[in-house]
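# Structural description and commentary
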Amino acid sequence: MVKHTKSVYEIIHTIPVDSMISLSFPQLRDFEKRLKEEVIAHTLKRRQKTKEYHRAVLALRWVQGIIRIKKMDKYPGVRHG
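Residues numbered from 1 in each chain as written. Predicted model: local features only at pLDDT ≥ 70, side-chain atom pairs only at ≥ 80, totals over all residues. Heavy atoms only, no water.

## Quick notes on the pattern of salt bridges
Counted by the stated rule, this structure contains two salt bridges. Arg-29 serves as the salt-bridge partner of Glu-32, at 3.0 Å between the closest nitrogen and oxygen. Linking Glu-32 with Arg-29, this pair stays in helix H3 (residues 25-44), spanning three residues, or about one helical turn. The partner of Lys-36 in a salt bridge is Glu-32, and the shortest N-O contact between them spans 3.8 Å. Here Lys-36 and its partner Glu-32 are both found in helix H3, four residues apart, which amounts to about one turn of the helix. (Salt bridge = Lys/Arg side-chain N within 4 Å of Asp/Glu carboxyl O. Helix = DSSP H or I, 4+ residues; strand = E, 2+ residues; numbered from the N terminus.)

This is how it looks when you write it as structure tokens:
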């Protein structure tokens, strides 16, 4: 029997932005790790042009952006790079 699991994109899609920003760094890093695994799995299957691949990449960029915002809030000051 095949077990259908939700993709990380579907999980992140249901979380409101305010709640997403309030997540802790370990939770965000876990999402990031799982998304990277999904992207790699799609790349290895050579299915890079599928909707699931693009959603995984979009969600990965979203989570990485949230991490950057949280870092800027935690460590104020000028950052170059």
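## Thoughts on the side chain of His-42
Of note, His-42 is situated in helix H3. When neighbours within four sequence positions are excluded, His-42 is seen to be in contact with Arg-47, Gln-48, Thr-50, Glu-52 and Tyr-53. (Contact = heavy atoms within 4.5 Å.)

## Section: helix H4 (residues 51-74)
Here H4 contains 24 residues, and its C-alpha end-to-end distance of 35 Å stays within 8% of the 34 Å for a straight helix at 1.5 Å per residue. At its buried positions, H4 is contacted by helix H1 (8-13), helix H2 (17-21) and H3. (Expected span 1.5 Å × (residues − 1).)

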